[in-house]
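Per-entry structural report
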Amino acid sequence: MNFVEHVGDHFRSGQINNYPQPVALNLGLVYTVKLNDKKTNLIWLPFEYTGLVYKDMGLQTNVYPYYRGAILEEVELSRGTDLHKPQTEEAFIKTLYMKSWEIHQLLQLEKYAALQGNVPDFLTKMLYITDWLRYYNSVKAVGKGIHIG
């Protein structure tokens, strides 16, 4: 399964119920909320408002950067039908670095000037998100134990 989309599957299946208020996942390591359009899920670092946007397009999920409270829909990190989307953690980090030039150009535009952001800040925060995704993807649900005796 795709490294990034694993969480999207949990949104879709209802395992993560995050509407209408934000929900802390895994002891508050990240927060999530479903927006009013009921198709867009945000995952962000506490107090940073930086993370990922999961946009449910029906049979596919597109993933975009979320930076300082703004959705950067001009930059796709993973598109549902893309055969070359990042499948592993390493591929996702490579995609982040490759897309950083596009993000740098966007942050220079008037539309995003109010964010006062920069790419090194974005990449640092996205590496924290990547750490959380690694943790989330490795967690196993433990069933009810068997009582002996």
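My aim in this report is to walk through the structure given alongside it, one point at a time.

Here the focus is a nonpolar patch on the surface. On the surface, Leu29, Tyr135 and Val139 cluster together into a nonpolar patch covering about 260 Å² of accessible area. The residue Tyr135 is located in helix H3 (residues 119–138) in this model.

This next bit is on the sheet that holds strand S4 (residues 51–56). Spatially, S1-S2-S3-S4-S5-S6 is the arrangement adopted by the six strands of the open sheet, whose pairing is antiparallel. Sheet topology places strand S1 (23–25) and strand S6 (70–71) at the edges, where each strand pairs with a single neighbour. Pairing between S4 and strand S5 (residues 61–67): six bridges, direction antiparallel. Its bridge partner being in S5, Asp56 is matched across the sheet by Thr61. With respect to the sheet, helix H1 (residues 5–13) is in contact with strand S2 (30–34), strand S3 (40–44), S4 and S5, its orientation differing from that of S4 by roughly 50°.

Before going further, it helps to examine the pattern of salt bridges. Applying the stated criterion across every chain, the model contains 11 salt bridges. Put simply, Arg12 and Asp56 hold a salt bridge, and the shortest N to O gap is 2.9 Å. Residue Arg12 is located in helix H1, and its partner Asp56 is located in strand S4; the two are separated by 44 residues in the primary sequence. A residue is classified by how much of its surface remains accessible, and Asp56, at 24% relative accessible area, is partly exposed. Where Lys125 meets Asp121, a salt bridge forms, and the shortest distance between an N and an O atom there is 3.1 Å. Of this pair, Lys125 and Asp121 both sit in helix H3, four residues apart, roughly one helical turn. A single burial state applies to Lys125 and to Asp121, both of which are buried.

What counts and how
- For every chain, the first residue of its written sequence is number 1, and the numbers climb from 1 along that sequence.
- Owing to the predicted nature of the model, reporting of local features is limited to residues with pLDDT of at least 70; listing and counting of side-chain atom pairs is limited to 80 or more, with chain, interface and lining totals taken over all residues.
- As a rule here, side-chain values come from all non-hydrogen atoms in the structure, and water together with hydrogens is ignored.
- Patch definition: residues above 30% relative accessible area lacking any salt bridge, with like charges linked at up to 9 Å and the nonpolar side chains Val, Leu, Ile, Met, Phe, Trp and Tyr linked at up to 5 Å.
- Only the protein chains shown count as covering a residue, and every accessible area follows the Shrake-Rupley method with a 1.4 Å probe.
- Just to be clear on terms, a salt bridge is a Lys or Arg side-chain nitrogen sitting within 4 Å of an Asp or Glu carboxyl oxygen.
- The helix and strand labels rest on DSSP assignments: H or I over at least four residues marks a helix, E over at least two residues marks a strand, and numbering proceeds from the N terminus.
- A pair of strands is considered paired only if DSSP assigns at least 2 bridges between the two.
- When checking whether two residues touch, look at their non-hydrogen atoms; a contact exists if any pair is within 4.5 Å.
- Between N-to-C directions, angles span 0 to 180 degrees; the directions come from axes that are lines fitted to C-alpha atoms, helices contributing only their stretch in contact.
- Exposure classes here rest on a 1.4 Å probe applied to the protein chains alone. A residue is buried below 20% of its type maximum, exposed above 50%, and partly exposed in between.

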